[in-house]
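Each chain, letter by letter, is given below.
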Amino acid sequence: MRQFTIHPIDRNFAPQVQAKIDNLNKPKGSLGQLEELAMQVCLIQQTLSPSLHHPCHLLLGADHGIERQGVSISPRDVTWQQMINFTRGGGGVNMFCRQHGFSLRIVDVGVDHDLSQVPGIINRKIARGSADFLYGPAMTEEQFLQAVNIGADLVDECAAEGCQVLAIGEMGVGNTSPSSIWMSLFGNIPLADCIGAGAGLDSPGIQHKYQVLQAAVRHFESLLSETQPEDAPSVTDTEMILRYFGGFEMVAAIGSMLRAAELQLVIMVDGFIMTACALGAVRLYPAVKDYMVFAHCGDESGHRRMLQLLDAHPLLSLGLRLGEGTGALCAFPILDSAVRMVNEMNNFQNARITKYF
C-alpha cells in the first residue's frame, strides 16, 4: 500500500492558542465546543489566525457486488441515476454545497454504468462495481491500491487550488453492508449490533441483511483458517479487511482522508459510511484522527457506537441518514463559527472590559 507521512499535530503551540481563546471578551469556556474546534484548527494550521479557504467536497460513487444479495431496498440503478442527478444540481449534496460555498467534485470510482460521457462526472472508474464479498474479496490488491491512489490524487487537485478543508461523501447502493462489517471486525462488536436499515429496510429485510453478512464473515474467517499457519494473516489485518469487504468509493475515501491529513487539511467526516472509512483510516494511521472533525451522529443503527470507538464527539444530531456527505456540509457553519470566533471576537484589553477571571 502507498505510504503516507502523517504527523500528529504539534501541541506545543496549544498554550498560545488557549491564551488567545481565553482572552476573548467572554466568560472562560463559555463557547464550549466552538472553543475546542478553534483549538483543533489552530493546531492543524499552526497559527493563531486560522482560515477555511476554498472548501472542497468529494462525492465518490461506486457499486457493490453484495447488493446482488438483496441487502438494500434500493436497486443498484439508483447509483448511476443519482450520479447524473448530481451533475444537474438536483441532489441534497448540491444544495448544501451551494449554500456553504463548497467546490463539488463528482467522481465515478466504480459505478456499474457507463458515465464516461456525462459532463460533470470525473471518470476514475476502477471496475463496474466491486465483487460480491459473500464469495470472495470485493477487490484485488491492485484495485485496492488504485482506489487509495485515486482518493489521494483527488485531494492533491483540491490542495493545488488552495483547499484548506475537505468534506467527503459517497453514493453507492449497498455500502452500509461493508461499513457494518468493518465496524464489527475493527471494534470487536457483534455483527447484529452493527446492522441497520440502510436506505429503509424493514425488520425482515434487516434480518436477511444480517444473515447474508454473517455468512460472508464466516466464509472470510474460514478462508483464513485454511491458510497455512506460517502465511496466515491475522483477522485484525486492517488492510486485508478493508480490501475484502470494502467498496471502491470507500477505499478511495480512505485514501483521501490519509492524503488530506498528510497535507494538514481539516477533514470533515460525515455519517455512518464515512465514519467507517475514518475508522479504517485511523486503524492504518492513528494520527489521521487529529485532522478529523466529526460532523454528526446519524440515524443509522450503530453510528453512535462507532463514534464511541473513535472517541469522537459529533457536532450535530439531526437524525440524518442521506449520505452524500450532506451531514458534513450541514455542520460546516459550526466549524466556520469557531474560526470566526478566534479571528473576529475582540479581547478584554481592546474592548476595555475588566477581565474577571
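Here's what I pulled together on the structure shown here. In this text, all values refer to a predicted model and were calculated from it rather than measured experimentally.

**Re the environment of C97**
Among the secondary structure elements, C97 is positioned in helix α4 (residues 92–100). Classification of C97 as buried rests on a relative accessible area of 4%. Placed 83 residues apart in sequence, C97 and S180 show a C-alpha to C-alpha distance of 28 Å. When neighbours within four sequence positions are excluded, C97 is seen to be in contact with H57, F102, L104 and L329.

**So, helix α9 (residues 248–262)**
Taking 1.5 Å per residue, 15 residues should reach 21 Å; α9 reaches 21 Å between its end C-alpha atoms and fits that length. When you tally the buried positions in α9, you get 14 out of 15 residues, the bulk of the element. Positioned one or two residues after α9, Q264 has a phi angle of 60°, which is positive.

**Looking at the nonpolar core**
W182, F245, M292 and L335 are the most contacted members of the largest nonpolar core, which totals 127 residues. The element that contributes the greatest number of residues to this core is α9, accounting for 10 residues. Setting aside residues no more than four positions away along its own chain, M292 makes contact with Q40, M257, I267, V269, A278, A281 and V282.

**Here's the deal with the pattern of salt bridges**
For the structure shown, the criterion picks out 17 salt bridges. Ionic pairing is found between K26 and E35, a salt bridge with its closest N-O pair at 2.8 Å. Look at K26 and you get buried, because its relative accessible area is 6%. Among the ionic contacts, a cluster of salt bridges with common partners joins E67, R68, R76, D112 and R128.

**What to know about the packing of α9 against helix α10 (residues 272–284)**
Packing of α9 against α10 leaves a shortest axis separation of 9 Å and a crossing angle of 55°. Overall, the two elements α9 and α10 adopt an arrangement that is oblique. Here the hand of the crossing between α9 and α10 comes out right-handed. On the side of α9, the interface is formed by M250, A253, I254, M257 and L258, while α10 contributes I273, M274, C277, A278, G280, A281 and L284. When grouped by side-chain class, the residues that make up the contact of α9 with α10 number 11 nonpolar, one polar and no charged.

So, how was this worked out
Residue positions are given per chain, counting from 1 as you read along its sequence in written order. At least 70 in pLDDT is required for a residue's local features to be given in this predicted model, at least 80 for side-chain atom pairs to be given and counted, and no such filter applies to totals for whole chains, interfaces and linings, which use all residues. Each side-chain value is derived from all of the structure's non-hydrogen atoms; neither hydrogens nor water enter the calculation. Every helix listed is a DSSP run of H or I at least four residues long, and every strand listed is a run of E at least two residues long, numbered separately from the N terminus. For every residue, the accessible area obtained with a 1.4 Å probe (protein chains only) is divided by the maximum for its type, and the residue is called buried under 20%, exposed over 50%, and partly exposed between those limits. The criterion used for residue contact is that any of the two residues' heavy atoms lie within 4.5 Å. Take the number of residues in a helix, subtract one, and multiply by 1.5 Å to get its expected span. Definition of nonpolar core: a set of buried residues of the types Ala, Val, Leu, Ile, Met, Phe, Trp, Tyr and Cys, connected through side-chain atoms within 4.5 Å. By convention in these notes, a salt bridge is any Lys or Arg side-chain nitrogen within 4 Å of a carboxyl oxygen on Asp or Glu. All axes here are fitted lines through C-alpha atoms, helices being fitted over the stretch that makes contact, and every angle between N-to-C directions spans 0 to 180 degrees. Angles are sorted into four bins: roughly parallel if under 35 degrees, roughly antiparallel if over 145, roughly perpendicular if 65 to 115, and oblique for all others. Crossing handedness is read from the near helix: turned anticlockwise from the far helix by less than a right angle, it gives a left-handed crossing, and turned clockwise, a right-handed one. Charged residues are taken to be Asp, Glu, Lys and Arg, nonpolar residues to be Ala, Val, Leu, Ile, Met, Phe, Trp, Tyr, Cys and Pro, and polar residues to be all remaining types, Gly included.

Remember, this is a structural readout, not a statement about activity or role.
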